[in-house]
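One-letter residues, chain by chain:
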Amino acid sequence: MKNIKVEWCKNFVKKTFEKKHCKGIEIGCFWNMAERSGLWERRTYGTPMSEALEKLTTVETAKDVNGDFAYHFFKLK
């Protein structure tokens, strides 16, 4: 993996939320976008992208109309 800086990842996270005009992005969808950007690779942990997400987002749970689990999403702090 190339030498990726946390600052690049933080900028990616901020711009992704701005571009989508949303308060949250489903986790799987976010990782797909991060992978396509070249800033993250599957099966990697403790990466600059992980550090950026930890600083900028929280993980929340969406529930369906019955109150059951639907999916997890990243939300900007």
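Before any of the text, the structure's been laid out above.
Cut-offs and rules
Sequence order as written defines the numbering, with residues in each chain counted from 1. Where totals are concerned, whole chains, interfaces and linings use all residues; where local detail is concerned, this predicted model gives features only for residues with pLDDT of at least 70, and gives and counts side-chain atom pairs only at 80 or more. Think of the side-chain values as coming from all heavy atoms in the structure, minus any hydrogens and water. Helix numbers and strand numbers start at the N terminus; a helix is a DSSP run of H or I with at least 4 residues, a strand a run of E with at least 2. For every residue, the accessible area obtained with a 1.4 Å probe (protein chains only) is divided by the maximum for its type, and the residue is called buried under 20%, exposed over 50%, and partly exposed between those limits. Here, residues are in contact when the closest pair of their heavy atoms is within 4.5 Å. All accessibility values rest on the Shrake-Rupley procedure with a 1.4 Å probe; residue burial counts only the protein chains present in the view. Charged residues are defined here as Lys and Arg on the positive side and Asp and Glu on the negative side; His and the ends of the chain fall outside this count. Note that the charge is assigned to NZ on lysines, CZ on arginines, CG on aspartates and CD on glutamates. Two strands are said to pair when DSSP picks up at least two bridges between them. Angles here are taken between N-to-C directions and fall from 0 to 180 degrees, while the axes themselves are lines fitted to C-alpha atoms, restricted in helices to the stretch in contact. In these notes the angle categories are as follows: under 35 degrees is roughly parallel, over 145 is roughly antiparallel, 65 to 115 is roughly perpendicular, and the rest is oblique. In this scheme the crossing of two helices becomes right-handed for a clockwise turn of the near helix relative to the far one and left-handed for an anticlockwise turn of less than a right angle. Only Asp, Glu, Lys and Arg are considered charged in this grouping, and only Ala, Val, Leu, Ile, Met, Phe, Trp, Tyr, Cys and Pro are considered nonpolar; every other residue, Gly among them, is considered polar.

Asks: Whenever I open this one, the overall build of the protein confuses me. Can you help?
Replies: When helices and strands are tallied, the protein shows three helices and three strands. Helices (α) and strands (β) of the protein occur, in sequence order from the N terminus, as α-β-α-α-β-β. Per-residue burial over the protein gives 31% buried out of 77 residues. Excluding contacts between residues fewer than 6 apart, the proportion of contacts in the protein whose partners are at least 24 apart in sequence is 47%. Element-wise, carbon and sulfur atoms account for 50% of the exposed surface of the protein, whose accessible area totals about 5,300 Å². For the protein, the separation between the mean place of its 15 positive charges and that of its 10 negative charges on side chains is 6 Å.

Asks: Would you mind going over the sheet that holds strand β3 (residues 69-76) with me for this structure?
Replies: Pairing between the strands of a sheet comes from backbone hydrogen bonds, and it takes one of two forms, parallel or antiparallel. The strand order across the open sheet built from three strands is β1-β3-β2, with neighbouring strands paired in antiparallel fashion. Strands at the two margins of the open sheet, each flanked by one partner only, are β1 (24-26) and β2 (57-63). Recorded for the sheet is a direction-independent mean angle of 35° between the axes of neighbouring strands. In terms of strand pairing, β1 meets β3 through three bridges, oriented antiparallel.

Asks: Would you take a moment to explain the packing of helix α1 (residues 6-20) against helix α3 (residues 48-56) for this structure?
Replies: Relative placement of two packed helices is described by the angle separating their axes and the distance separating the axes. Contact geometry of α1 with α3 gives a least axis separation of 8 Å together with a crossing angle of 55°. The angle between α1 and α3 places the two elements in the oblique class. You can see that α1 and α3 cross each other, and the crossing is right-handed. Residue-level inspection shows V6, C9, K10, F12, V13 and K14 of α1 in contact with α3, the latter providing P48, M49, E51, A52, L53, K55 and L56. Tallied by class, residues from the contact of α1 with α3 come to nine nonpolar, no polar and four charged.

Asks: Quick question: what am I supposed to make of the packing of helix α2 (residues 27-37) against α3 here?
Replies: Viewed as axis vectors pointing N to C, α2 and α3 meet at an angle of 135°, and their least axial separation amounts to 12 Å. It follows that α2 is oblique to α3 by the angle criterion. In terms of crossing hand, the pair formed by α2 and α3 is right-handed. Counted together, F30, W31 and A34 of α2 and M49, S50 and L53 of α3 form the full contact between these two elements. By residue class, the composition of the contact of α2 with α3 is five nonpolar, one polar and no charged.

Purely geometric stuff here, so don't read any function into it on its own.
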